[in-house]
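Working through the structure, step by step
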Amino acid sequence: MPSETYRRGLEIRSAVLGEEYVNRALADANDFTQPLQDLVTEYCWGAVWGRDGLALRTRSMLNVAMISVLNRPNELRTHVKAALTNGVSREEIREILLQVAIYAGVPAAVDSFRIASEAFAEVDRR
């Protein structure tokens, strides 16, 4: 039986990333990847995203910046879309990525702008 933190994490994860995305991630899990899905759902989404200290919008803005700096394009694409879901505007995402350019380097920002533009196009096609 899932814990309350897991249930809360699943609720938040589905609201931010979309039920289709989360259901697919969980359905695609296998014996090797299931423990990671459980960890991400319970601790990332339940224990941290589920805290009251920051709004989901603020957490999304932080994630866009941090994931850009970490050069994780697949996660950045996912979290740019999540940021839009959480009320972050495209203009605000642009400003976040300009901040990345100054503090983390222009190459990180160039790639991040490209990925964000692709994510915007994917959202626009829906």
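These figures come from a predicted structure and were not determined experimentally.

Parameters at a glance
- Residues numbered from 1 in each chain as written.
- Predicted model: local features only at pLDDT ≥ 70, side-chain atom pairs only at ≥ 80, totals over all residues.
- Heavy atoms only, no water.
- UniProt positions renumbered as here; feature names shortened; annotations may be inferred.
- Helix = DSSP H or I, 4+ residues; strand = E, 2+ residues; numbered from the N terminus.
- Domains from an automatic or database assignment.
- Contact = heavy atoms within 4.5 Å.
- Buried area = accessible area lost by both parts, 1.4 Å probe.
- Salt bridge = Lys/Arg side-chain N within 4 Å of Asp/Glu carboxyl O.
- Polar contact = N/O pair within 3.5 Å; in protein donor to acceptor, adjacent residues only side chain to side chain.
- Nonpolar A, V, L, I, M, F, W, Y, C, P; charged D, E, K, R; others polar.
- Buried < 20%, exposed > 50% of the residue type's maximum accessible area, 1.4 Å probe, protein only.

Moving on to the UniProt feature "domain: Carboxymuconolactone decarboxylase-like" (unreviewed entry) in the chain. The UniProt record annotates "domain: Carboxymuconolactone decarboxylase-like" (unreviewed entry) at residues 36-118. Secondary structure across residues 36-118 comprises 83% helix and 0% strand; the distance between its end C-alpha atoms is 27 Å.

Another aspect to go through is the domain arrangement of the chain. Annotation of the chain at the domain level lists domain 1 (4-48) and domain 2 (56-125). In this structure, domain 1 and domain 2 have C-alpha centres spaced 21 Å apart. Across the boundary between the two partners, domain 1 contributes 7 residues, which contact 7 residues of domain 2. For the domain 1 face of the interface with domain 2, the top three residues by lost area are Val-16, Tyr-21 and Val-48, together amounting to 63%. For the pair domain 1 and domain 2, the interface holds 0 salt bridges. On the surface where domain 1 and domain 2 come into contact, there are 1 residue pair in polar contact (both at pLDDT 80 or more). Only helix H1 (4-17) and helix H3 (34-48) provide two or more residues apiece to the side of domain 1 that touches domain 2. Top contributing element to the side of domain 1 that touches domain 2 by residue count: H1, with 4 residues. Of the residues that constitute the side of domain 1 that touches domain 2, the class distribution is 7 nonpolar, no polar and no charged.

Further remarks concern the pattern of salt bridges. Scanning the entire structure with this criterion turns up 10 salt bridges. Put simply, Glu-92 and Arg-57 hold a salt bridge, and the shortest N to O gap is 2.4 Å. With Glu-92 in helix H6 (residues 90-104) and Arg-57 in helix H4 (residues 56-70), the pair connects residues that are 35 residues apart, well separated along the chain. Owing to a relative accessible area of 30%, Arg-57 belongs among the partly exposed residues under this scheme. Arg-90 serves as the salt-bridge partner of Asp-124, at 2.6 Å between the closest nitrogen and oxygen. Here Asp-124 is found in helix H7 (residues 106-125), whereas its partner Arg-90 is found in helix H6, with 34 residues between them in sequence. For Asp-124, a relative accessible area of 52% puts it in the exposed group. With a relative accessible area of 31%, Arg-90 lands in the partly exposed category.

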